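Listed here are the chains, written in short residue letters.
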Amino acid sequence: MDSIIKARSLTKLYGVVIGVNDVTLDLPPGVRGLLGPNGAGKSTFLKLVTGQLNPTEGEVRVFGERPWNNADVFRRIGFCPEQDSFYAFLTGYEFVRTLARLSGYEPAEAKRRAERAMERVGATEYMHRKIATYSKGMRQRTKMAQALVHDPALLILDEPLSGTDPIGRRDLTELVRGLGREGKSILVSSHVLHEVQAVTEEFLLIYGGRVLASGNVREIRGLMNEVPHRITIRCSDRKDVAQRLMRDLPITGIEIDEAREAVSVLTRDPGAFYEGFRRLALEDGVRIMEMTTEDDTMDAVFRYLVARD
Amino acid sequence: MGPIAWLQIRQMLGQKKFLLVFLFLAIPLFIALPIRLVDGFRQWEGSVAAGIFLYLLYPQTICMLLALLYGTSVISSEIEDKTLTYLFTRPLPRWQLIVGKYVAIVACLTPPALVSLCACWLVLGLEGGYEMLLGQMLATAGAVAAYTAIFSMIGSYFHKRPLVIGAIYAAIEILLSFIPALVSSLTVSYFLRSLAVRLVDVDLPKEMLRLLGGASLPGAAATLALMIAAALVLSSLATMRKEYLFSEQA
């Protein structure tokens, strides 16, 4: 299958600061998440893909063409930016209609498309109000509408759920899923794993300007299991607990932290560890106050992958 | 280009900043009123003094200031508002962005400037000086058009502190325009002065006339048109080649 986005040694520097670092990838059509903590380089990567920035080194191609200053590419992509910025003196409808006009549509067609796009994102009710009066969720929907108004083949959504309420989040998630089912290619960035997981199983993980891994959720979890997980247990009888953990459970490292009254372990097999620990916890004489793991956070995922590299 | 011009006009007319335009354009009227009360220009050389007065106020100062204010912000305002993303991800040639904004700014600034100029002329009570008024109107419209193009070019190349760089240019332009010989003829002001004086039948020494504006009327108009075209081309080239970073990226 032909790639819609192709990057070769793609690098972007802001002076001496690295935005994107030597990224090589081929993204086939479909819905994909771009995951990374804040400052990982997601927005820079998306700006390179949408032709707003020019690579410092290497190249990026979208639909086989360089996107920088390329009207043919712009006709085929819809971009929903992260920043909460608008021509706030316009109504939502005027904003979307104007951007449809800038996409090359005649006034009547731009009007029809703007109405349809606003309806699609569920913004018809308030589309004739000034954007300045909109809530964050309304503004997110309006941004989505402008990205959809010219019916692009590739949608690039930078943190589209940021700041939305639960209903808005559900609606926008459903909208993105629906667009995916219609056959649109979508690249959606977020720093929240479950946001992206709600729309796709396919991920790209980016950190420090580099793409660390790509694949589906299972593959990425598999990668995570290659490096140890850290689990911290606050408990009584820490020396005794540590001995039993070393003897009975699959751990690769252990540390007693008397200051925090905790035992910290590293394991490559968290499933087996939790099962064995459940039995141990039920034994007499051990009092477990708290057990925490950092594995559910995106930061932990990236720390694992950086450590692996 | 149409939607860009429409967007720019809506933006300008909707901003409180536009009140400054009216404020600036009211200043000459407040200056003209006491001059009329003391019958100031009759003591001098009549329309010559009045012409210099109007020229210095309108094309040279107020039009330049207004063009500085709006021309330099063609790109920087979009960067500050973070709306440039919407314009730069559409299949719109970037020269259309510049030209569309330029046309809108000129269209918004020229009519109030001309109305203010005519009002000032009436307040001064310069009976019969229609040629002078026409010359001043030409120079005023030319100043808005030419300075907006030049400040748009400055704004396209220097999107950080464009106002400061524009102000430095303005100061240099004014200084150079009063240096006789070739130097003054390199300035926009020289050709604007030519527009202003060539329609007026005044009895002045040749050297004085040359200093005020030595180009013929068609020559001055053509040179200004060329200057405008060159500034817009350079401005368009800048937007096609430059990356504009938002503050967090910069």
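Just so it is clear, the structure is predicted and the values come from calculations on it, not from any experiment.

A. Region of the structure containing a nonpolar patch on the surface. A cluster of nonpolar side chains, contributed by B:Val164, B:Ile168, B:Ile172, B:Leu176 and B:Ile179, occupies part of the molecular surface with about 400 Å² of accessible area. Locating B:Val164 in the fold gives a position in helix H8 (residues 162-177).

B. Quick peek at the sheet that holds strand E1 (residues 5-14) of chain A. All names here are of chain A. If you walk across this open sheet you meet the three strands as E2-E1-E4, and the pairing is antiparallel. Both outer strands of the open sheet, strand E2 (17-27) and strand E4 (57-62), are each paired with one neighbouring strand and no more. Pairwise comparison of adjacent strand axes, ignoring direction, gives a mean angle of 25° for this sheet. Relative to E4, E1 runs antiparallel, the two sharing five bridges. Looking across to E4, one finds that Ala-7 is bridged to Val-60.

C. Layout of the pattern of salt bridges. All names here are of chain A. Throughout the structure, instances matching the rule amount to 26 salt bridges over all chains. Two residues, Arg-112 and Glu-109, come together in a salt bridge whose shortest N-O distance is 2.9 Å. Of this pair, Arg-112 and Glu-109 both sit in helix H4 (residues 107-120), three residues apart, which is roughly one turn of that helix. Using a relative accessible area of 24% as the deciding quantity, one classes Glu-109 as partly exposed. Through salt bridges with shared partners, a single ionic network connects Glu-59, Arg-61 and Arg-66.

D. Broad picture of the interface of chain B and chain A. Opposite the 26 residues of chain B that make contact, chain A presents 35 residues. A buried area of about 2800 Å², summed over both sides, lies between chain B and chain A, and 61% of it is on carbon and sulfur atoms. The largest per-residue losses of area from chain B upon contact with chain A belong to B:Tyr86, B:Arg90 and B:Pro91, which jointly make up 28% of the total buried on that side. Our enumeration of links across chain B and chain A arrives at two salt bridges. The partner of A:Glu94 in a salt bridge is B:Arg10, and the shortest N-O contact between them spans 3.2 Å.

E. Local environment of the environment of A:Ile220. Residue and element names in this part refer to chain A. Mapped onto the fold, Ile-220 is located in helix H8 (residues 217-225). What makes Ile-220 buried here is its relative accessible area of 7%. Along the primary structure Ile-220 and Phe-203 are separated by 17 residues, whereas in three dimensions their C-alpha atoms are 8.2 Å apart. Leaving out residues up to four positions away in the same chain, Ile-220 has contacts with Phe-203, Leu-205 and Gly-215.

F. How the structure looks around the packing of aromatic side chains. Under the defined criterion, the tally for this structure stands at 14 aromatic pairs over all chains. Look at A:Phe86 and A:Phe95: their rings are 5.3 Å apart centre to centre, the planes differ by 65°, and that puts the pair in the edge-to-face class. Of the residues examined, A:Phe86 reaches a relative accessible area of 10% and is grouped as buried. Here a set of aromatic residues connected by ring pairs shows up, and it is made of A:Phe86, A:Tyr87, A:Phe89, A:Phe95 and B:Tyr86. If you follow A:Arg97 out to its NZ or CZ, it ends over the ring of B:Trp6, 5.6 Å from the centre.

G. Spotlight on the pairing of strand E10 (residues 229-235) of chain A. Residues and elements named next belong to chain A. A large share of E10 lies buried, amounting to five of its seven residues. Relative to strand E12 (residues 262-267), E10 runs antiparallel, the two sharing six bridges. Following the sheet pairing, Arg-230 is matched in E12 by Leu-266. For E10 and strand E13 (residues 288-293), the ladder comprises five bridges, and the chain directions are antiparallel. Across the sheet, Cys-235 pairs through a bridge with Ile-288, a residue of E13.

H. Local environment of the packing of helix H6 (residues 94-124) of chain B against helix H7 (residues 130-157) of chain B. All names here are of chain B. One can describe the packing of H6 onto H7 by two numbers: an axis separation of 9 Å at closest approach and a directional angle of 150°. Taken together, the axis directions place H6 and H7 in an arrangement best described as roughly antiparallel. For H6 against H7, the interelement crossing comes out right-handed.

I. Geometry of the sheet that holds E13(A). Residue and element names in this part refer to chain A. Taken together, the four strands give an open sheet; going across it, the order is E11-E12-E10-E13, and neighbouring strands pair in antiparallel fashion. Two strands bound the open sheet, and with one partner strand each, they are strand E11 (253-257) and E13. Neighbouring strand axes in the sheet, compared pairwise and without regard to direction, differ in orientation by 15° on average. Where E11 and E12 come together, five bridges link them in antiparallel fashion. Each bridged residue has a counterpart across the sheet, and for Gly-253 the counterpart in E12 is Leu-266.

J. Representation of the environment of B:Pro28. All names here are of chain B. Secondary-structure assignment places Pro-28 in helix H2 (residues 18-37). Pro-28 gets classed as buried once you look at its relative accessible area, which sits at 0%. With 91 residues separating them in the primary sequence, Pro-28 and Ala-119 have C-alpha atoms 9.3 Å apart. Residue contacts for Pro-28: discarding those within four places in its chain leaves Leu-57, Tyr-58, Ile-62 and Cys-120.

K. Examining the side chain of B:Thr140 more closely. Tracing the backbone shows B:Thr140 in helix H7. Taking relative accessible area as the criterion, B:Thr140 reaches 1% and is therefore assigned buried.

L. Region of interest: the nonpolar core. If you look at the biggest cluster of nonpolar residues, it comprises 110 residues, and the most contacted ones within it are A:Phe95, B:Leu54 and B:Leu109. Here this core takes 14 residues from helix H3 (residues 47-71) of chain B, the largest share from any one element. Residue contacts for A:Phe95: discarding those within four places in its chain leaves A:Phe86, A:Tyr87, A:Leu90, A:Ile131, A:Thr142, A:Gln146 and B:Tyr86. Core analysis: the next-biggest nonpolar cluster, separate from the first, contains 29 residues, A:Val23, A:Leu34, A:Ile77 and A:Ile156 among them.

M. Representation of unusual backbone geometry in the model. Even without a glycine there, the phi angle at A:Ser9 is positive, about 50°. Summarising the element assignment, A:Ser9 is placed in strand E1. In the Ramachandran plot, B:Lys82 falls in the positive-phi region, its phi being about 60° despite a non-glycine side chain. The residue B:Lys82 is located in the loop between helix H4 (73-80) and helix H5 (84-88) in this model. What makes B:Lys82 partly exposed here is its relative accessible area of 25%.

N. Spatial organisation of helix H1 (residues 42-49) of chain A. Residue and element names in this part refer to chain A. Judged by how many residues are buried, H1 sits mostly within the fold: eight of eight residues are covered. Among the residues of H1, Lys-42, Ser-43, Thr-44, Phe-45, Leu-46, Lys-47, Leu-48 and Val-49 are the ones counted as buried. Looking one or two residues past H1, Gly-51 carries a phi angle of roughly 75°, positive in sign.

Conventions adopted
Numbering of residues begins from 1 in every chain and follows the order in which that chain's sequence is written. Chain letters and ligand numbers both follow the written order, the letters beginning at A and the numbers at 1. Confidence filtering applies because this is a predicted model: local features only for residues at pLDDT of at least 70, side-chain atom pairs given and counted only at 80 or more, and all residues used for totals across whole chains, interfaces and linings. Values reported for side chains reflect all heavy atoms of the structure, with hydrogen atoms and water molecules removed beforehand. Two distance rules govern patches: like charges are joined within 9 Å, and nonpolar side chains (Val, Leu, Ile, Met, Phe, Trp, Tyr) within 5 Å, applied only to residues with over 30% relative accessible area and no salt bridge. What sets the accessible areas is the Shrake-Rupley method with a 1.4 Å probe; for residues, cover comes only from the shown protein chains. One speaks of a salt bridge when a side-chain nitrogen belonging to Lys or Arg is within 4 Å of a carboxyl oxygen belonging to Asp or Glu. Comment: elements are numbered from the N terminus, with helices defined as DSSP H or I runs of at least four residues and strands as E runs of at least two. Pairing between strands is defined by DSSP: at least two bridges between them are needed. Axis lines are fitted to C-alpha atoms, over the contacting stretch for helices. Their N-to-C directions set the angle, which ranges from 0 to 180 degrees. In this scheme, a residue with accessible area under 20% of its type's maximum is buried, one over 50% is exposed, and one in between is partly exposed, where area comes from a 1.4 Å probe on protein chains only. Two residues form a contact once any of their heavy atoms are found within 4.5 Å. By buried area we mean how much accessible surface two parts lose on assembly, using a 1.4 Å probe and totalling the loss over both. For this analysis, a ring pair means two rings from Phe, Tyr or Trp (six-membered ring only for Trp) whose centres lie within 6.5 Å, classed as stacked if their planes differ by under 30 degrees, edge-to-face if by over 60, and tilted for the remaining angles. Definition used: whenever NZ (Lys) or CZ (Arg) falls within 6 Å of the ring centre and also within 35 degrees of the ring normal, the charge is taken to sit over that ring. Should an angle fall under 35 degrees it is called roughly parallel, over 145 degrees roughly antiparallel, and 65 to 115 degrees roughly perpendicular, with every other angle called oblique. Handedness of a crossing is defined here by the sense of rotation of the near helix relative to the far one, left-handed for an anticlockwise turn of less than a right angle and right-handed for a clockwise turn. We call a set of buried residues a nonpolar core when its members are Ala, Val, Leu, Ile, Met, Phe, Trp, Tyr or Cys and they connect through side-chain atoms within 4.5 Å of each other.

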